[in-house]
2 protein chains.
Amino acid sequence: MSSDAQGAAATTGAFRVGLLGHGTVGGAFSDLLEERADEIERFNGRRPVITGVLTRSRGDFEEILAGSDLLVELIGGIEPAREYLLTAMRAGKDVVSANKQLLSQYGEELFETAREHGVRLRFEAAVAGAVPVVRLLEESLAATPIDSVHGIVNGTTNFILSEMAHGSSYAQALAEAQRRGFAEADPSDDVSGRDAAAKMAIIARLAFGTPVHLEDVRYEGIEHLQLDDLEYARELGLGLKLIGTAERRSGGLSVRVHPTFLYAGHPLASVSGPFNAVTVESGMITEITMSGPGAGGPGTASAVLGDVVSVMTGGARPPAPPLPLQLVEDVESAFYLHLDVADQPGVLAAVTQVLGEHEVSIKSVVQRGMGERARLVMVTHPVLESSLRLAIEQVGAFPFVRAAPRAIRVIEEEFL
Amino acid sequence: MSSDAQGAAATTGAFRVGLLGHGTVGGAFSDLLEERADEIERFNGRRPVITGVLTRSRGDFEEILAGSDLLVELIGGIEPAREYLLTAMRAGKDVVSANKQLLSQYGEELFETAREHGVRLRFEAAVAGAVPVVRLLEESLAATPIDSVHGIVNGTTNFILSEMAHGSSYAQALAEAQRRGFAEADPSDDVSGRDAAAKMAIIARLAFGTPVHLEDVRYEGIEHLQLDDLEYARELGLGLKLIGTAERRSGGLSVRVHPTFLYAGHPLASVSGPFNAVTVESGMITEITMSGPGAGGPGTASAVLGDVVSVMTGGARPPAPPLPLQLVEDVESAFYLHLDVADQPGVLAAVTQVLGEHEVSIKSVVQRGMGERARLVMVTHPVLESSLRLAIEQVGAFPFVRAAPRAIRVIEEEFL
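For the structure given in this document, a descriptive report is provided here. (Residues numbered from 1 in each chain as written. Chains lettered and ligands numbered in written order. Predicted model: local features only at pLDDT ≥ 70, side-chain atom pairs only at ≥ 80, totals over all residues. Heavy atoms only, no water.)

1. Digging into the overall build of chain A
Next, step 1: Helix and strand counts for chain A stand at 15 helices and 16 strands.
Next, step 2: Overall, chain A is about 95 × 45 × 40 Å in size when its C-alpha atoms are taken along their principal axes.
Next, step 3: For chain A, the residues scored as buried account for 58% of the 416 residues in total.
Next, step 4: Partitioning the contacts of chain A with sequence separation of at least 6, the portion at a separation of at least 24 is 73%.
Next, step 5: With the model as given, the accessible surface of chain A reaches about 15900 Å², and the carbon-plus-sulfur share is 49%.
Next, step 6: In chain A, the 35 positive side-chain charges and the 55 negative ones have mean positions that sit 2 Å from each other. (Helix = DSSP H or I, 4+ residues; strand = E, 2+ residues; numbered from the N terminus. Buried < 20%, exposed > 50% of the residue type's maximum accessible area, 1.4 Å probe, protein only. Contact = heavy atoms within 4.5 Å. Areas by Shrake-Rupley, 256 points an atom, 1.4 Å probe, with all protein chains shown as cover. Lys, Arg positive; Asp, Glu negative; His and termini not counted. Charge placed at Lys NZ, Arg CZ, Asp CG, Glu CD.)

2. Some words on unusual backbone geometry
Residue and element names in this part refer to chain A.
Next, step 1: With an omega of 10°, the peptide bond running from Glu-79 to Pro-80 counts as cis.
Next, step 2: Here Pro-80 is to be found in the loop between strand 3 (70-73) and helix 4 (81-90).
Next, step 3: Residues other than glycine seldom take positive phi values, yet Ser-250 does so here, at roughly 50°.
Next, step 4: Of note, Ser-250 is situated in the loop between strand 8 (238-249) and strand 9 (252-263).

3. Let's talk about the pattern of salt bridges
Next, step 1: Tallied over the full model, the rule gives 61 salt bridges over all chains.
Next, step 2: Among the salt bridges present, the one from Arg-135 of chain B reaches Glu-139 of chain A, with a minimum N-O distance of 3.1 Å. Placement of the pair is Arg-135 of chain B in helix 7 (residues 133-140) and Glu-139 of chain A in helix 7 (residues 133-140), with the two residues belonging to separate chains. Residues Arg-135 of chain B and Glu-139 of chain A agree in their burial class; the two are buried.
Next, step 3: Of the charged contacts in the structure, one is a salt bridge between Asp-195 of chain B and Lys-100 of chain B, with a shortest N-O distance of 3.0 Å. Within this pair, whereas Asp-195 of chain B is found in helix 11 (residues 194-208), its partner Lys-100 of chain B is found in helix 5 (residues 100-117), the two being separated by 95 residues in sequence.
Next, step 4: Residue Lys-100 of chain B is classed as buried on the basis of its relative accessible area of 19%. (Salt bridge = Lys/Arg side-chain N within 4 Å of Asp/Glu carboxyl O.)

4. Let's talk about the pairing of strand 6 (residues 148-152) of chain A
Residues and elements named next belong to chain A.
Next, step 1: Judged by how many residues are buried, strand 6 sits mostly within the fold: 5 of 5 residues are covered.
Next, step 2: A two-sided burial pattern is seen for strand 6, the buried positions comprising Ser-148, His-150 and Ile-152 on one face and Val-149 and Gly-151 on the other.
Next, step 3: Note: strand 6 against strand 8, 4 bridges, orientation antiparallel. When the sheet's bridge partners are listed, Gly-151 is paired in strand 8 with Gly-244.
Next, step 4: Direction of pairing for strand 6 relative to strand 10 (residues 275-282): antiparallel, over a ladder of 5 bridges. Among the inter-strand pairings, Gly-151 is bridged to a residue of strand 10, identified as Val-278. (Pairing = 2+ DSSP bridges.)

5. Some remarks on the relation of the copies chain B and chain A
Next, step 1: Overlay of chain B on chain A (RMSD 0.0 Å): rotation 180°, translation along the axis 0.0 Å. What the superposition gives is, in effect, a two-fold axis relating one chain to the other.
Next, step 2: Of the residues that chain B buries at the interface, 100% are likewise interface residues in chain A, meaning the two copies contact each other through the same surface. (Least-squares fit on C-alpha atoms with pLDDT ≥ 70 in both.)

6. Topic: the sheet that holds strand 2 (residues 47-54) of chain B
Residues and elements named next belong to chain B.
Next, step 1: Here we have 5 strands laid out as an open sheet, ordered 2-1-3-4-5, and parallel in their pairing. A strand with exactly one partner marks an edge of an open sheet, and here the two such strands are strand 2 and strand 5 (121-122).
Next, step 2: Both strand 1 (residues 14-20) and strand 2 contribute to a ladder of 7 bridges, which runs parallel. Each residue of the ladder has a partner; that of Leu-20, found in strand 2, is Leu-54.

7. Considering the packing of aromatic side chains
Residue and element names in this part refer to chain A.
Next, step 1: Per the counting criterion, the structure on display carries 10 aromatic pairs over all chains.
Next, step 2: A centroid spacing of 4.2 Å and a plane angle of 20° characterise the contact between Phe-61 and Tyr-84, whose relative ring orientation is stacked. Of this pair, Phe-61 sits in helix 3 (residues 61-66) while Tyr-84 is found in helix 4, placing the two residues 23 residues apart along the sequence. Taken as a pair, Phe-61 and Tyr-84 share a single burial class, namely buried.
Next, step 3: A cation over an aromatic ring shows up here: Arg-82 above the ring of Tyr-106, its NZ or CZ 5.1 Å from the ring centre. (Phe/Tyr/Trp six-rings, centres within 6.5 Å; stacked < 30°, edge-to-face > 60°. Lys NZ or Arg CZ within 6 Å of the ring centre and 35° of its normal.)

8. Regarding the nonpolar core
Next, step 1: If you look at the biggest cluster of nonpolar residues, it comprises 221 residues, and the most contacted ones within it are Phe-29, Val-72 and Val-308 of chain A together with Phe-29, Val-72 and Val-308 of chain B.
Next, step 2: In this view, Phe-29 of chain A contacts Val-17, Leu-19, Ile-50, Val-72, Leu-74, Ala-301, Val-304, Leu-305 and Val-308 of chain A; residues no more than four positions away in its chain are not counted. (Core = buried A, V, L, I, M, F, W, Y, C linked by side-chain atoms within 4.5 Å.)

9. A look at the pairing of strand 16 (residues 406-411) of chain A
Residue and element names in this part refer to chain A.
Next, step 1: Summarising burial for strand 16: 5 of the 6 residues are buried, a large majority.
Next, step 2: As judged from the 3 bridges shared by strand 9 and strand 16, these two strands associate in the parallel manner. Within the sheet, the bridge partner assigned to Leu-262 lies in strand 16 and is Ile-411.
Next, step 3: In this sheet, strand 16 lies alongside strand 12 (residues 332-342) in antiparallel orientation, the contact comprising 5 bridges.

10. Overview of the interface of chain B and chain A
Next, step 1: Listed by partner, the interface residues are 49 residues for chain B and 49 residues for chain A.
Next, step 2: Both faces considered, chain B and chain A share a buried interface measuring about 4000 Å² in area, 60% of it formed by carbon and sulfur atoms.
Next, step 3: Taken together, the connections running from chain B to chain A amount to 2 salt bridges.
Next, step 4: The tally of links between chain B and chain A comes to 10 residue pairs in polar contact (both at pLDDT 80 or more).
Next, step 5: Among the elements of the structure, helix 2 (24-44), helix 7, strand 11 (286-293) and helix 13 (297-313) of chain B are those that each provide at least two residues to the side of chain B that touches chain A.
Next, step 6: Of all the elements, strand 11 of chain B adds the most residues to the side of chain B that touches chain A, at 8 residues.
Next, step 7: Looking at the side of chain B that touches chain A, its residues break down into 27 nonpolar, 14 polar and 8 charged.
Next, step 8: In the sheet, strand 11 (residues 286-293) of chain A pairs with strand 11 of chain B via 3 bridges, with the strands oriented antiparallel. Across the sheet, Thr-289 of chain A pairs through a bridge with Ser-291 of chain B, a residue of strand 11 of chain B. (Buried area = accessible area lost by both parts, 1.4 Å probe. Polar contact = N/O pair within 3.5 Å; in protein donor to acceptor, adjacent residues only side chain to side chain. Nonpolar A, V, L, I, M, F, W, Y, C, P; charged D, E, K, R; others polar.)

11. Concerning the packing of helix 4 (residues 81-90) of chain B against helix 5 of chain B
Residues and elements named next belong to chain B.
Next, step 1: Packing of helix 4 against helix 5 leaves a shortest axis separation of 9 Å and a crossing angle of 10°. Considering the angle they form, helix 4 stands roughly parallel to helix 5. Contacts between helix 4 and helix 5 involve Ala-81, Arg-82, Leu-85, Leu-86, Met-89 and Arg-90 from the former and Leu-102, Tyr-106, Glu-109, Leu-110, Thr-113, Ala-114 and His-117 from the latter.
Next, step 2: The residue inventory of the contact of helix 4 with helix 5, partitioned by class, reads 8 nonpolar, 2 polar and 3 charged. (Axes fitted to C-alpha atoms, helices over the stretch in contact; angles between N-to-C directions. Parallel < 35°, antiparallel > 145°, perpendicular 65-115°, else oblique.)

As structure tokens, this is what we get:
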């Protein structure tokens with residue numbers, strides 16, 4: 001075959017991919033696509049080819065759109081990514097995106113547009129990097145009623161907490177994460193829990209069918225954690241993770257992110273370093289856990305290319321129309337409480353009496369004298385967060401309490 | 001709308017499922033399908049309905065075939081399951097099966113038939129129960145070059161080994177597994193490693209594109225493990241699992257199942273009880289691990305219904321035509337060695353000299369005197385299995401060696 005004829009054959013069978021954005025992930029994606037094109041053509045019959053790239057300085061969106069079968073959006077942020085995706089879908093093009101901000105804030109608009117125009121919208125890389133959580137929830141478990149999803153969906157904070165578990169301070173651990181490229185120069189989106197909250201909004205929509213906006217997700221970060229919280233927790237057999245939760249509660253849905261102590265047997269307790277992991281619980285399947293590297297160049301590129309291949313294969317549908325559940329704010333959790341108190345008689349009695357008045361029941365307690373001061377560390381049985389807040393406000397007002405009480409949630413179920 | 005009109009509408013939109021086999025899984029599947037039909041109709045637009053059931057005593061295959069859009073095969077075994085599936089695909093029907101025996105022995109024939117007739121053949125439940133390993137390999141990682149897959153793919157043996165890790169003998173642990181319904185009255189297919197070998201044959205085909213027949217997979221079971229192997233291994237920081245492996249080795253493919261010691265940090269080391277888990281490694285994604293309940297009524301039914309939904313959605317393609325890799329038999333592993341020897345001078349020197357002659361290099365050793373006897377427990381660096389076998393044959397011939405040497409593989413990579 002002459003090289004001209006080969007060229008013609010390649011064009012006939014080509015699946016044309018337009019790429020919006022060419023940063024770290026975009027570059028890794030186009031390299032990977034080129035490297036894997038032969039293999040994809042072998043099993044799929046069509047060869048994916050990048051037919052246009054849009055960056056800030058080059059490329060024309062309309063031209064790229066016209067010349068492609070599918071658009072991959074790796075720009076990030078809200079605009080112009082949102083407008084590009086909506087325009088592409090309205091033109092009947094399938095789209096793939098890795099944009100968690102956009103999906104957690106404008107997801108319903110995008111899903112609705114995909115349904116209306118009968119196109120596919122894939123976004124595996126927006127949630128947990130290379131870990132195929134979207135596919136698990138949308139496809140494998142499409143027919144399974146889900147009770148809860150718990151996830152470690154931010155690799156930066158998981159790396160920092162892993163370092164702290166080995167004795168680093170928060171500041172040292174953050175510096176190490178930045179040095180190794182796991183945290184950005186401005187880490188606030190990660191360490192505040194906001195990045196995880198965006199991912200949990202998307203997960204909650206997929207698992208429960210209920211539209212959840214990023215602003216509906218309550219989140220706490222890891223910036224205020226103290227090393228001695230980790231040390232005391234270790235004595236109690238607990239490890240500390242930043243956990244996102246989406247679960248049915250009181251007939252509604254609770255979606256939240258906060259530092260959480262896990263018993264050693266919990267499937268997420270052993271996930272360390274910059275990894276992500278998600279555990280889905282259902283009476284039907286007990287639980288399924290998936291773990292792997294979080295967002296980052298090659299893993300994310302692999303997830304994006306997996307989405308491109310699934311569009312080529314013809315699977316994938318937009319999420320079903322929404323099925324609203326009430327969002328529940330005040331839920332029961334077990335808590336770890338840390339109190340810095342004067343070491344004098346009657347302190348434990350006074351504290352436990354106030355807790356009892358607010359129906360906070362103690363499961364375990366460790367008191368340790370340190371000269372004139374003492375530390376009281378407790379784990380409670382599950383209690384409504386609002387009751388716990390009232391109780392610790394009152395405890396914090398005692399004159400013998402020397403610093404603001406600290407409270408961290410505990411997942412106390414013990415697994416097999 | 002009158003109830004007649006409703007009936008007509010339901011029939012128009014119905015997705016007709018013919019069910020072959022109505023045992024534990026078949027029963028759980030038809031209950032689950034009925035329970036979830038509303039929800040599936042809501043997001044899919046069509047309602048799945050079971051339009052015929054074939055059991056040994058009732059139903060007519062031809063009639064069920066003619067009246068269904070898709071056949072679900074939950075009979076198990078080779079015939080008549082094979083003939084039914086081939087006939088259905090030749091008639092243009094999509095099929096779902098949970099039959100690992102059939103897929104590990106006649107997979108290529110089934111895949112070829114599916115490709116030829118352009119129908120879908122789904123079999124998630126044949127591999128790891130509710131854990132969506134097939135979808136991970138066929139779809140999420142379709143575009144990712146895979147280096148290795150390690151799996152705990154038999155829940156019975158994992159339960160038994162978990163019990164043994166807590167001090168039960170093999171016989172006690174097996175009896176407990178039978179009492180709790182995790183092992184059959186005749187457990188030989190599970191404890192011999194043959195069930196895991198069938199699943200690894202299927203996994204290897206999906207991960208590497210190479211047809212692997214059950215009879216190509218070397219397997220060892222757990223029947224001959226001794227409690228003191230677990231105890232010594234614990235001293236060395238190792239846990240014991242029945243691990244299936246499929247990996248690129250020496251330009252070919254090695255597929256095998258055997259008891260394996262894992263370092264505590266390995267992602268499979270913390271999987272206990274009747275669970276399954278699979279770790280996929282790739283330079284691209286580091287590793288992804290999935291875990292969940294192994295085969296059994298409701299979890300398997302959930303996987304089968306997930307397959308039915310994916311056919312309704314229109315995704316799923318048959319595996320690509322095969323891409324043969326040479327199957328490699330003799331591969332390098334690190335080994336744990338257990339020697340029961342007379343406690344006399346020169347024993348360690350004699351043993352290590354023989355090992356050295358066969359290029360078996362020692363990483364760690366524990367010697368413990370017990371009156372006139374001593375136990376030597378070693379972990380080697382990676383060595384070709386054939387060299388190790390020759391070395392221990394020669395060591396076993398020493399007059400001071402009091403029982404056949406025992407050798408168990410070790411996965412020694414340390415993860416993050």
